[in-house]
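Chain residues, written in single-letter form:
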Amino acid sequence: MKPPRFSRIFLLIAGLLITSQVSAQSVESIFELISNSDLKKAQKALNSAKKNTNNSDRNGELLFASALIADKSGETKKAIGLYLALIDSHPAMLGPYNNLAIHYANEGDYKSAVATLEKALSANQAVATAYGNLQSIYARMASLAYRKALNSNAPTPPMQLATIENSDSIGAFSRRPALVASAESFIEQTLNAGENAQAADNTPPQNNQSDTDVVATSSPQNDKNNIVVAANSVVQKTQSDSVTEPLIESTTEVQQSATAGKEDDTNDEPAVTVVEKPVEVAKVNTAPTKLSDEAKQLAEKNAAEKQALINHVKSWASAWSDRDVDRYLSHYSAGFTPRNNLSIEEWKKQRYGRLRWREFIIVKPSRYRIELNDNVATVNFNQYYKSERFEDTIRKTLKLKKENGQWRITHELI
Amino acid sequence: MIMSCTSAKFSKRIGKLSLILPLVTLSLAKIAFAESKYEATIAESLSSLQSANLDHSLESLEKLVEKHPNSKLGHLLLADILSARAGSLDLVNQFASDPGQLDGLRDETRHRWRSQTAQTPAEQGMVPANLLASSPTQRYILAADASESRLYVYENLGTSYQLVADYFMTIGKQGMGKNKEGDLRTPEGVYFVTSYLPGEGLPDRYGPGAFPINYPNEYDKKLKRTGYGIWIHGTESENYNRVPLASDGCLSLSNDEFLEIQQFVSTDWTTPVIISSKFDWVQPETLKAAVSPARQLIDQWKADWESLDTDRFVSHYSPTHFKNYNAFVKRKKQVNAAKEFIEIDLNNLSIYDYPGDESMLIVSFDQEYRSDNHHSVTQKKQYWMKEAGRWQIIHES
């Protein structure tokens, strides 16, 4: 009879489908069961998963599941043996090193624990690189804090950050294609949105450097002001990128004027210091940035604004150096907030005394770092100060606000 | 007015991690903090550190340096944690040019930590043994203990004292025992605040103002100690505070705390400042028991003066130490011979045990003198010293 035969084939196909689905799921579910400490069920699922030939390419994971079950059941020796075997057969897998190191550490064998974790890092270049970068950034942050703590002008050690350029090292760990796909499409959408906005201006691409990394904070349309040019950070600087060009010009001038004075030349800050947020840098390994006229204008405007800020700081320093209290105070906003909970009147009185008391004062700002956000800006710079009593160089931060077209200081921080 | 200044070099070795390692070995006895307080935040981040909660420690330190960007200690602790995270514990050596810098900050941390976490004698209700009696005009007494880098403020409650505040403080670069001008030391003794100098007229390093004290006092002058311009003052703007040994001999507080002590200080010689290398802390009852023998000395001196028995009266004065003793005796005999009666009233009596090696009391009072031909009210200060088991006046003014 035909109908039964048909149904048999149908059942067979359906059965096959179900089996493969179950087995595909089961590897994931084993780990879920293990993490829920449902070890018996986990063992069962593991046994059936092992029989399934579809899982032949997932031997490592199944072995790791065995190790975990042994580990959790208190069969330490077996677990350690399995971890060791796994490290041998699947050196890129991090779990075995980590869990093995825990055993060593619990036994008080810290040397082996450390060696095992170090090996884990060296076995996986991507993780090692990320970890190394993390340490480098911590070291830089520590250095900056030490400089503040100890009034030091010693150069901070160079921040040597490495890019990850090998996609394999990442792919090996992505076991969730759906998630990866959605992340990819999200990024693509974000990028396209920026590109579409630019395309509307009918501006042809300015340049085409397929080999150069173009760097922007988050996404191109996001922070027009936050274009990052960091000399010693993750990125290679674009040679003729139209975004960075005007900014580089304006800051080159700053650099020259700074070095013209007798300033320290400890070259610990990035050479070109426009807006620097290296930690937030997102690397976009795609087509070059196309810039609209509007964006170019904005960049030019920003450059001009930054020059105005630098001029303001210079003029402020010169009024201070001249001990011209009224001119000095005119650089501050009426809404200036003095430190130490002083009222503005008390502060003015204090400044009056401080400036007039001295026989001479020399104040020289240099090495500006500017963050600009419409009508407010933060200018960070080295402040060399010398009077008959005192001489030092500190890193000073001024917060400024644009009032009636003029920059005025609203906060002064050390 | 401005003291000469030469910078003291300290040559102790720099350790690898500047602060964390020595500290985590300390025991955690007590934590009590008001969150707004600078020192409490430091202590909080240290105790987080001790319980290996680096994240919390980092977080509170980041807040601290944001609020007080001139906090050297805050930046240092932050740097230590970050360098631990960076795995480069020797990073500090690249920035510490002068080893004394780190030692100073380490000492500061130790002192601050102790006063925030340990049960100090002051917190147990004990009182410096120097506080024998205070005049009603002396509402607050400042008591500085150099060994703890701490300035205590006691309120005079008549027959007892109440601790009202205490602050981390800085003393001279060369420590205690001021002897001559420019020695960068802080004097040990009992002094009084003489005036107030507003910060506007002062260099930045004094902070918001200064309270000069009367160094050299009569006793210092007797010992031919030199120097002048010992003040209680604030801190230069680039530091939140200074490390324990970092003034030219003055007591320096953070600016926040200098502003706070202003409420306790009078500038008409009614705020005693007792500066000691190390206080002898005693229970209040012990202190009360010590007051009456001291009072008896004064009462006996007064009674003997009123008795018109000049020999007995002058026996209270030291023939070896009291200036122009013989002329003094002669004059007293002449004066007393012509008197029919003398009546003495003592008001606003204060008695302080003088810090230092000597057994000495500094006594001050308002004296109302009445005799058959004279009436006067004077303020008197006496230094009583115990020599060969006998208390005698070595100086009177």
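Summarised in this report is the structure supplied together with it. Numbering of residues begins from 1 in every chain and follows the order in which that chain's sequence is written. Think of it this way: whatever chain is written first is A, whatever ligand is written first is 1, and the rest follow in order. In keeping with the model being predicted, local features are shown solely for residues with a pLDDT of at least 70 and side-chain atom pairs are shown and tallied solely at 80 or more, while totals for entire chains, interfaces and linings include all residues. Side-chain metrics rest on all non-hydrogen atoms present in the structure, leaving aside hydrogens and water.

1. As for the nonpolar core
- We call a set of buried Ala, Val, Leu, Ile, Met, Phe, Trp, Tyr and Cys residues a nonpolar core when their side-chain atoms join them within 4.5 Å. Here the term buried applies to any residue with accessible area under 20% of the maximum for its type, exposed to any over 50%, and partly exposed to those in between, with areas from a 1.4 Å probe on protein chains only. Among the nonpolar cores identified, the biggest contains 76 residues, and B:Leu131, B:Tyr154, B:Ile232, B:Leu251, B:Ile261, B:Trp301 and B:Ile351 are the most heavily contacted of them.
- Tallying contributions element by element places helix H8 (residues 284-306) of chain B first for this core, with seven residues.
- Inspection of this core shows a minimum of three residues originating in each of domain 2 (134-282) and domain 3 (284-396) of chain B.
- Among the nonpolar cores identified, the runner-up in size contains 33 residues, and A:Tyr138, B:Ala43, B:Leu46 and B:Ala96 belong to it. By definition, any uninterrupted DSSP run of H or I lasting at least four residues is a helix, any uninterrupted run of E lasting at least two residues is a strand, and each is numbered from the N terminus. Source of the domain bounds: an automatic or database domain assignment.

2. Looking at the packing of aromatic side chains
- We call Phe, Tyr and Trp rings a pair once their centres come within 6.5 Å, taking the six-membered ring for Trp, and we label the pair stacked below 30 degrees between planes, edge-to-face above 60, and tilted otherwise. Under the criterion given, the structure shown has 33 aromatic pairs over all chains.
- Taking the centre distance of 5.6 Å and the plane angle of 50° together, the rings of A:Trp320 and A:Tyr385 count as tilted. Placement of A:Trp320 in helix H11 (residues 293-321) and of A:Tyr385 in strand S4 (residues 376-387) is noted, with a sequence separation of 65 residues between them.
- By relative accessible area, A:Trp320 is classed as buried at 5%.
- On the numbers, 5.1 Å between centres and 75° between planes, the contact of B:Tyr152 with B:Trp281 is edge-to-face. Here B:Trp281 lies in strand S14 (residues 281-282) and B:Tyr152 lies in strand S4 (residues 150-156), a separation of 129 residues in the sequence.

3. What about the pairing of strand S3 (residues 361-373) of chain A?
Residue and element names in this part refer to chain A.
- For two strands to be treated as a pair, DSSP must find no fewer than two bridges joining them. Pairing of S3 with S4, which is carried by eleven bridges, proceeds in the antiparallel orientation. The residue of S4 that forms the bridge with Ile-362 is Lys-386.
- Between S3 and S4, which pair antiparallel one after the other, the connecting turn spans two residues, and Asp-374 there sits at a positive phi close to 55°.

4. With respect to the interface of chain B and chain A
- Contacts between residues were defined by any pair of non-hydrogen atoms, one from each residue, lying within 4.5 Å. Contact with chain B, which involves 34 residues of that partner, is made by 30 residues of chain A.
- Any Lys or Arg side-chain nitrogen located within 4 Å of an Asp or Glu carboxyl oxygen qualifies as a salt bridge. Counting every contact that joins chain B to chain A gives one salt bridge.
- Where B:Glu200 meets A:Lys349, a salt bridge forms, and the shortest distance between an N and an O atom there is 4.0 Å.
- Any pair of N or O atoms that falls within 3.5 Å is considered a polar contact. Within protein, one atom must be able to donate a hydrogen and the other to accept it, and sequence-neighbouring residues count only if both atoms are side-chain atoms. Where chain B packs against chain A, one counts six residue pairs in polar contact (both at pLDDT 80 or more).
- Mapped by element, the contributors of at least two residues to the side of chain B that touches chain A are helix H4 (72-86), helix H5 (99-117) and helix H7 (255-261) of chain B.

5. Let's talk about unusual backbone geometry
- In this chain, B:Tyr215 is followed by B:Pro216 through a cis amide linkage whose omega measures -5°.
- With respect to the secondary-structure elements, B:Pro216 resides in the loop between strand S9 (209-212) and helix H6 (218-222).
- In this structure, A:Asp374 takes a positive phi of about 55° despite not being glycine.
- The class of A:Asp374 is exposed, set by a relative accessible area of 62%.
- Its identity is not glycine, yet B:Ala52 carries a phi of approximately 60°, on the positive side.
- Relative to the elements of secondary structure, B:Ala52 occurs in the loop between helix H2 (38-50) and helix H3 (54-67).

6. Quick look at the sheet that holds strand S10 (residues 231-233) of chain B
- Ordered in space as S8-S9-S10-S12 (chain B), the four strands form an open sheet in which the pairing is mixed. The open sheet is flanked by strand S8 (197-198) and strand S12 (251-252) of chain B, the only strands paired with a single partner.

7. Some words on helix H10 (residues 325-337) of chain B
Residue and element names in this part refer to chain B.
- Each residue after the first adds 1.5 Å to the expected span of a helix. Over its 13 residues, H10 runs 18 Å from end to end, which matches the ideal 18 Å to within 8%, given 1.5 Å per residue.
- Buried within H10 we find Tyr-325, Phe-328, Val-329, Lys-332 and Asn-336. Angularly, the buried residues of H10 cover 95° about the axis, an arc narrow enough to put them on a single face. Exposed residues on H10 whose side chains face more than 90 degrees from its buried face are Asn-326, Lys-330, Gln-334 and Ala-337.
- Against the buried residues of H10 lie H8, helix H9 (310-314) and strand S15 (342-353). Along the arc lie the directions from the helix axis toward the C-beta atoms.

8. As for the packing of helix H2 (residues 39-51) of chain A against helix H3 (residues 59-72) of chain A
Residues and elements named next belong to chain A.
- Here, axes are lines fitted to C-alpha atoms. For helices the fit covers the stretch in contact, and angles between N-to-C directions go from 0 to 180 degrees. Between H2 and H3, the least distance of the axes is 10 Å, while the angle of their chain directions is 155°. Between H2 and H3, the angle is such that the two are roughly antiparallel. In this structure, H2 meets H3 at a crossing whose hand is left-handed. Along its contact with H2, which presents Leu-39, Ala-42, Gln-43, Leu-46, Ala-49 and Lys-50, the element H3 presents Leu-62, Ala-65, Ser-66, Ile-69 and Lys-72. Here roughly perpendicular refers to angles of 65 to 115 degrees, roughly parallel to angles under 35, roughly antiparallel to angles over 145, and oblique to all remaining angles. Crossing handedness: left-handed means the near helix sits turned counterclockwise from the far one by under a right angle, and right-handed means the same turn made clockwise.

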